[in-house]
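# Overview (structure and organization)
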Amino acid sequence: MSERILEMNSITKTFPGVKALDDVNLDVRKGEIHALIGENGAGKSTLMKVLSGVHPYGTYEGDILFQDNRCEFKNINQSEELGIVIIHQELALIPELSIAENIFLGNEQATKGVINWNKTIIETRALLKKVRLNVDPEEKIKNLGVGQQQLVEIAKALSKKVKLLILDEPTAALNEEDSENLLQLLKEFREQGMTSILISHKLKELLKVSDSITVLRDGQTIRTYRRTEEEVTESMIIKEMVGRDLTELFPDRVYNVKDKVVFEVKDWSAYHPLDVERQILHNVNLHVKEGEIIGIAGLMGAGRTELAMSLFGKSYGKKITGTIIKNGKEVSFKTVDQAIKNGVAYVSENRKEFGLILIDDVKNNLTLANLDRISKHNVLNTSKEVVEAENMKQRMNVKTPSIQQKVVNLSGGNQQKVVLGKWIFTDPDVLILDEPTRGIDVGAKFEIYKIINDLAEKGKSIIMISSELPELVGMCDRIYTLCEGEITGDIAAKDATQETLMTYMTQKGRS
Amino acid sequence: MEGLKQLLSNNVRKFGMIIALIGIALLFQILTDGILLTPLNVTNIIMQNSYIIVLAIGMMLIIITGEIDLSVGSVAAFVGAVAGVLMVTMDFPVFAGILICLAIGAIIGAWQGFWVAYVNIPSFIVTLAGMLIFRGLTLVVLQGQTIAPFPDGFRGLSSAFVPDVFGGEGEIQLFTVVVGIVLSVVYILSELKIRRTDLKYDFKTISFPLFIVKLVLFTIVINLFTYVLAQYEGIPYVLIVLFVLIIGYTFVMNKTVIGRHIYAVGGNANAAQLSGIKTKKMKFWVFVNMGVLAALCGMIFAGRLNAATPQAGNLFELDAIAAAVIGGASFTGGVGTVFGAVIGALVMGVLNNGMSLMGIGIDWQQAIKGLVLLAAVAFDVLNKNK
Ligand SMILES: Nc1ncnc2c1ncn2[C@@H]1O[C@H](COP(=O)(O)OP(=O)(O)OP(=O)(O)O)[C@@H](O)[C@H]1O
Ligand SMILES: [Mg+2]
C-alpha cells in the first residue's frame, strides 16, 4: 500500500438552507488518480473548494491533512503554495489575454517588478509542450477551443509545481478525442509521481484511468473503492451513486412519430458574423416530424451550434439564406422573440453565458422566456408565477432549497436542469437541445431523457445536438451528420453505430 | 425569534440601509438639539431632496441595465433653462411649457440611448459627451444670464402645499392627518390581501405575531410622518409627485414584464437576448426614461430656485449615482430596487441637511459624504463575501 498524501476527515459544510457536506471523509494516496463521483449537488465541487481554500478555514468543520500536516487554508494561495491546484468546473481564463499571460497570471516572471517576457514565453513554450498543445504562447485565449483552453489550465497548474491536481469535470465540454488526450496526459503525470483528483459524470472514462473511486451521495461519503484490491463495475457505482439499481441507460419510449413534417429547413447557408467571406453553413437541409427525435452529430467546429443559433431568430451569422417551413407554411424568424412565439426553443450549450441569469433566482430564470404565460396586459401574476415555477422545479427535479435560491448557488447539473426547464416552460413544438446533458449525472440524465421522450410522445419535435455519440444513438430516430457546415449523412437509428457516424462526420461532401 | 433572525439575515441589505437612515437621522437629531425632525425641517428635507430622488429613480434603472448616465445634471440644467425661456421670456402657459420640457427630456434621452443601444458606444462616453454638450447648450440658451421669476403655477410644483380642504384652522392641518389614516388603511388592506394569497398558495410567510408587529410599525411610521407634516403646512405637491413615481416605478420593476426584462438585460445580456428579450430596445427606452426624469428634475429645481441659472444641476449626476449605489445598485448590473434608490437619496439628503444645520462647511460636507458612500459600498461587499 502506497503512502497517503491527503486525508480529509469529517468535513461538514453548510450553506443557508443546505447541508452541502455532512461528515465527509476522503483518503487519497500518493501518485494515484482518485475519482470523485456522485449525483448533481452531491457536494463534489464543494468538497474540492474546501480542500483548496476557496471556502476558507473556519467556514467548515473537520480536518484536512496534506502530507501529514494539518492544513488551515485561508485562501487559495495558501493551498497552491503547498502544491494543491484546482481547475474549476467553470474555466477561469481571461479571454483577452494571451496564453502566456494567463499561465503566469499572479505568478509573473518578473525581476524587481518588471516582467521578463522572454522568460515568460520560453517557460510557457515548455509547459505547452508538456501538455502537448502546439500553439503560439502569445495567442489569445479567446481564439482557442474549449479543449485547448482546458490544456492551458493544466499547463497553468503545472507552472505552480503542482503535487495534487484537482480537475472538476474537465471533460464535460470536450469531444471524445480531446477527452482521450486529456486522460492520457493525466496518466503520464501519474507516472511522474503526480497525484490527481478527477471529478466527472462520465463513468467510462473514470473507470479507464482511476486507481480509487470515492462515491458521494447527498453530501455523505458512501464508500471508497480501491481498484487494486477489488473489482468495480459501472453498475456498482451507479447503484451507490443514486441509491438504487439503474439497469437501463435509456428509458423506454412510447413511439408516436407521425408522418407530418413539422419543421423543415431548406438550403440554409450562413456566413461568419465578423468575417463575411467565410461561409460557415452550406445549404443545410433537414426536417423533423411530429413526435420525432432527430440528432445532429459533428465534430467540434462542424457548425452544429451555429446552425441551431442561426435558425433561432438569426442569433448567429450574417448573410443568412434559406427557408424554414413550419407546419407546411414558410416562416421567417427575424428575432428570437418571433422564433419563441412560433413554438421554437433553443437550449444553449453554454448555460452560464447564454442560458441563465446567474445572479437571479431559480423562479425568475424559469419563467423569463415566457413571461406571457404568467402575465396579463404585461402585468405579472406573481402568485401564478410561483406556482408554475414550483411545478417546473418539481418536474425537472431541480435540487434546491427553494425557488428563491440564486442560480449561481446551484450545482452545475442543477443549473442545467433549470435551463432545460426554462425552455420547456415556453411550451415549444420544436425543441432544439444543444448538449442537453452536459455535466449531468447518470441518474439525472435518465430523467432528462425521460422528459425528452415524454415531449416526443406528446407530439413535440426534438432536435438534439450532442458530442456524446452513444447518447444520440440511444435517443434518436434519425441522425444527421454535419461536417464543416455541410450535412453529410441522414442515418436511420437502426443503421447508426458510433463507427458509421464517425465516418460520416469526418467525410467532406464538397471537393 | 428564529423567524425574526431569518427575516433579518435574508434582508440585511434592505434593512441595513433603512437602519442606517434611521441611525443617521437620530444622530443628527441629537447633534442639532432636535432641530432635524421639527415639522419645518422635515418638510424642508423633502423639498430639498425631491429632485435628487427623481433622478435617483431613473439612475437606478440605468445602473440596473449595466449602464451609467453622467449627463443628468447638465440635462436638468438645460431643461430648466428652456423652461425659463418658454414660460418667462415667451409667456407660454405653464401646463404646455411643462409638457414641452418633458418631451425635450425624452428626445435627449432618445439621442443618448441611440448611441448606447444601437451604436454600442459605452454609456460612460456617450453621457460624458452629453454632460458637456448640454451644459454648453444651457449657456447658449440662457446667454449666460439668469432668467427669473417663474409664474406662480410653475413654482407651485416645487414649493406649494395641498390646501386643507377641511379648512382646519388650528395648529394642525386636518387634511394631512386624514391622508395618513387613509394611507394606513390602504396599506393594511393590501398587506392582508398579499398574506391571504401567500397562505392560499402555501408560500413562505412570516409568523402571524411578526406580521402584526410589521403592520403596527409601518402604520405608526406613516402616521407619525403625516402628523409631523400636518404641524407645518401639510403635504407639498412635490411629495405627491414623488409618491406617484415611487409607487409607479416599483410596480413596473416588480410586477410587469418590462421590469423583468430590464433586470434580465442587466443580469446577463446574452441570456436575455436568447430568451427573446429585445435588449437594445430595452436599453434605449431606459435612457429615454432617464431623459424625462432629468427634465422633471430640472423643472422642480428651477421652480424651487424660482430661476433658471447656468449653474443649475451641477454635480447632480454624482448625487444620483451615489444615491443609487448606497441604495443597493451594483455596477455589474442586474440588481437594485427603486425603493433602495429613494432610501439612498434620503441618506445623502439627511446627511446634507444635518451637517448644514450644524454649521459644518461645504468642504467637510463633501468629504464626509464621500466617506459615507465608500462605507456603504464596503459594507455591501464585505457582507456578500461572508
Ligand atoms: N455558494 C453556495 N451557496 C449556497 N448553496 C451552495 C453553494 N455552493 C453549493 N451549494 C449547494 O451545495 C450542494 C452541493 O453543490 P456542489 O456544487 O458541491 O455539487 P456537485 O456535486 O459538484 O454537483 P455537480 O455534479 O452538479 O457539479 C448543492 O445543493 C448546491 O446547491
Ligand atoms: Mg460540481
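Calculation notes
- Residue numbers restart at each chain and count upward from 1, following the sequence in its written direction.
- As they are written, the chains are lettered A onward and the ligands numbered 1 onward, keeping that order.
- Under the rules for a predicted model, residues below a pLDDT of 70 receive no local features and side-chain atom pairs below 80 are neither given nor counted, while totals for whole chains, interfaces and linings still include all residues.
- For the side-chain quantities, the full set of heavy atoms in the structure was used; hydrogens and water were omitted.
- UniProt positions are given in the numbering used here, feature names are shortened, and annotations may be inferred rather than shown by experiment.
- Segments assigned H or I by DSSP are reported as helices when at least four residues long, segments assigned E as strands when at least two residues long, and all are numbered from the N terminus.
- For every residue, the accessible area obtained with a 1.4 Å probe (protein chains only) is divided by the maximum for its type, and the residue is called buried under 20%, exposed over 50%, and partly exposed between those limits.
- Contacts are assigned to residue pairs with any non-hydrogen atoms lying within 4.5 Å of each other.
- Using the Shrake-Rupley algorithm and a 1.4 Å probe, accessible areas are obtained, with residue cover drawn only from the displayed protein chains.
- Asp and Glu count as negative and Lys and Arg as positive, but His and the ends of the chain are not part of the count.
- Every charge is mapped to an atom, namely NZ of Lys, CZ of Arg, CG of Asp or CD of Glu.
- Computed over the protein atoms alone on a 1 Å grid, cavities are sets of points where a 1.4 Å probe fits but cannot get out and pockets are open sets with protein on both sides within 12 Å along at least five of seven lines; a residue lines them when it has an atom within 4 Å of a point.
- Grid points are joined across faces, edges and corners, and a volume is the space filled by probe spheres set on the points.
- Note on residue classes: Ala, Val, Leu, Ile, Met, Phe, Trp, Tyr, Cys and Pro are nonpolar, Asp, Glu, Lys and Arg are charged, and everything else, Gly too, is polar.
- Bear in mind that the domain bounds are from an automatic or database domain assignment.
- Per-residue confidence from the predictor is reported as pLDDT, which spans 0 to 100.
- For a helix, the expected span equals 1.5 Å multiplied by the number of residues minus one.
- The arc in question is the one spanned by the directions pointing from the helix axis to the C-beta atoms.
- What makes two strands pair is DSSP finding at least two bridges between them.
- A fitted line through C-alpha atoms serves as each axis, taken over the contacting stretch for helices, and the angle formed by two N-to-C directions is quoted from 0 to 180°.
- A molecule or strand has a residue near it when one of that residue's heavy atoms lies within 4 Å.
- Pairs of N or O atoms within 3.5 Å make up the polar contacts considered here, provided that, within protein, one atom can donate a hydrogen while the other can accept it, and that residues adjacent in sequence are counted only when both atoms are side-chain atoms.
- A quick way to say it: buried area is the sum, across both parts, of accessible area lost when two parts are put together, with a 1.4 Å probe.
- Salt bridges are defined as contacts in which a side-chain nitrogen from Lys or Arg sits within 4 Å of a carboxyl oxygen from Asp or Glu.

An unreviewed UniProt entry annotates chain A as Sugar ABC transporter ATP-binding protein of Oceanobacillus jordanicus. As stated in UniProt under Subcellular location (unreviewed entry), the record for chain A gives "Cell membrane".

This paragraph deals with the overall build of chain A. Within chain A, the regular secondary structure consists of 17 helices and 24 strands. With the C-alpha coordinates aligned to their principal axes, the bounding extent of chain A is approximately 70 × 50 × 50 Å. Across the 511 residues that make up chain A, the buried fraction comes to 55%. In chain A, of all internal contacts separated by at least 6 residues, the share reaching a separation of at least 24 is 68%. Accessible area for chain A stands at about 22000 Å²; split by element, carbon and sulfur atoms hold 46% of it. Counting 67 positive and 75 negative side-chain charges, chain A places the averaged centre of each group 3 Å from the other.

Another aspect to go through is the UniProt feature "domain: ABC transporter" (unreviewed entry) in chain A. Per the UniProt annotation, the sites labelled "domain: ABC transporter" (unreviewed entry) are residues 6-243 and 263-509 of chain A. Helix makes up 34% of residues 6-243 of chain A and strand 28%, with an end-to-end C-alpha separation of 27 Å.

Further remarks concern empty space enclosed by the protein. Residue and element names in this part refer to chain A. All chains considered together, the criterion is met by 5 cavities of 30 Å³ or more. Its boundaries defined by the atoms lining it, the largest cavity holds a volume of some 80 Å³. Considering the residues around the largest cavity, the lining is formed by Glu169, Thr171, Ala172, Ser200, His201, Lys202, Thr437, Arg438, Gly439, Ile440, Lys445 and Glu468. Taken together, the residues of the lining of the largest cavity sort by class into 2 nonpolar, 5 polar and 5 charged. Shared between two domains, the lining of the largest cavity holds at least three residues of each, these being domain 1 (4-242) and domain 2 (256-343 + 429-443 + 463-511).

Let us look at the confidence of the model for chain B. Averaged over chain B, the pLDDT score is 90; the fraction of residues at 70 or greater is 95%. Here the prediction assigns the complex a pTM of 0.86, and the interface score ipTM is 0.87.

With that settled, the discussion passes to helix 10 (residues 237-255) of chain B. One full turn of an α-helix is made of 3.6 residues, so residues set three or four places apart face in the same direction. All names here are of chain B. Over its 19 residues, helix 10 runs 27 Å from end to end, which matches the ideal 27 Å to within 8%, given 1.5 Å per residue. Turning to helix 10, its buried residues are Val238, Leu239, Leu242, Leu245, Ile246, Tyr249 and Met253. Viewed along the axis of helix 10, the buried residues span an arc of 120°, placing them on a single side of the element. Against the buried residues of helix 10 lie helix 3 (39-64), helix 7 (152-159), helix 9 (208-231), helix 11 (257-267), helix 13 (279-305) and helix 15 (338-357).

Residue and element names in this part refer to chain A. The strand order across the open sheet built from 4 strands is 14-13-16-17, with neighbouring strands paired in antiparallel fashion. What marks the edges here is a single partner per strand, and that holds for strand 14 (279-289) and strand 17 (329-331). Sheet twist, expressed as the average angle between the axes of neighbouring strands with direction ignored, equals 15°. As defined by bridge partners, strand 16 (residues 318-326) adjoins strand 17 across 3 bridges and the pair is classed as antiparallel. Along strand 17, the bridge assignment pairs Lys326 with Lys329. In this fold helix 9 (residues 304-311) packs onto strand 13 (261-271), strand 14 and strand 16, with an angle of close to 70° to the strand it touches most, strand 14.

With that settled, consider the site of ligand 1. All names here are of chain A. Of all residues adjacent to ligand 1, which total 19 residues, the nearest are Lys44, Ser45, Thr46, His201 and Gly413. Taking Asn40, its side chain carries an N or O atom lying 2.9 Å from an oxygen atom of ligand 1. Taking Gly412, its main chain carries an N or O atom lying 3.4 Å from an oxygen atom of ligand 1. Across the complex, the protein chains shield 91% of the 640 Å² of accessible surface that ligand 1 would expose by itself. Of all the secondary structure elements, the ones that give two or more residues to the shell around ligand 1 are strand 2 (18-29), helix 1 (44-52) and helix 14 (412-424). By residue number, the principal contributor to the shell around ligand 1 is helix 1, which donates 3 residues. Among the residues forming the shell around ligand 1, the class breakdown is 5 nonpolar, 11 polar and 3 charged. Each of two domains, domain 1 (4-242) and domain 3 (350-427), supplies a minimum of three residues to the shell around ligand 1.

Glancing now at the domain arrangement of chain A. Many structure descriptions define interface size as the accessible area lost when the parts assemble. Residues and elements named next belong to chain A. Each domain of chain A was delimited in the assignment, giving domain 1 (4-242), domain 2 (256-343 + 429-443 + 463-511) and domain 3 (350-427). Its C-alpha centre places domain 1 at a distance of 30 Å from the equivalent point of domain 3. Tallying the contact residues gives 7 residues for domain 1 and 10 residues for domain 3. Note on domain 1 versus domain 3: buried area summed over both sides is about 580 Å², and carbon and sulfur give 44% of it. The largest contributions to the domain 1 side of the interface with domain 3 come from Asn40, Gly41 and Glu90, which together make up 59% of the buried area. Along the contact surface separating domain 1 from domain 3 lie 1 salt bridge. Between Lys399 and Asp218 there is a salt bridge; the shortest N-O distance is 3.6 Å. Taken together, the residues of the side of domain 1 that touches domain 3 break down into 1 nonpolar, 4 polar and 2 charged.

Turning to the interface of chain A and chain B, a few remarks are in order. If you look at the interface, chain A gives 33 residues, while chain B gives 25 residues. Taken over both partners, the interface formed by chain A and chain B buries close to 2200 Å², and the fraction arising from carbon and sulfur atoms is 65%. Counting every contact that joins chain A to chain B gives 2 salt bridges. For the salt bridge of Glu385 of chain A with Arg260 of chain B, the shortest nitrogen-to-oxygen distance reads 2.6 Å.

All names here are of chain A. Counting buried residues in strand 23 (residues 478-483) gives 6 out of 6 residues, a clear majority hidden from the surface. Of the two faces of strand 23, the one carrying Arg478, Tyr480 and Leu482 and the one carrying Ile479, Thr481 and Cys483 are both buried. Pairing geometry for strand 15 (residues 293-298) and strand 23, over 5 bridges, is parallel. Paired with Gly298 across the strands is Leu482, a residue of strand 23. By the bridge criterion, 6 bridges tie strand 23 to strand 24 (residues 486-492) in an arrangement that is antiparallel. Directly across from Cys483, in strand 24, lies its bridge partner Glu486.

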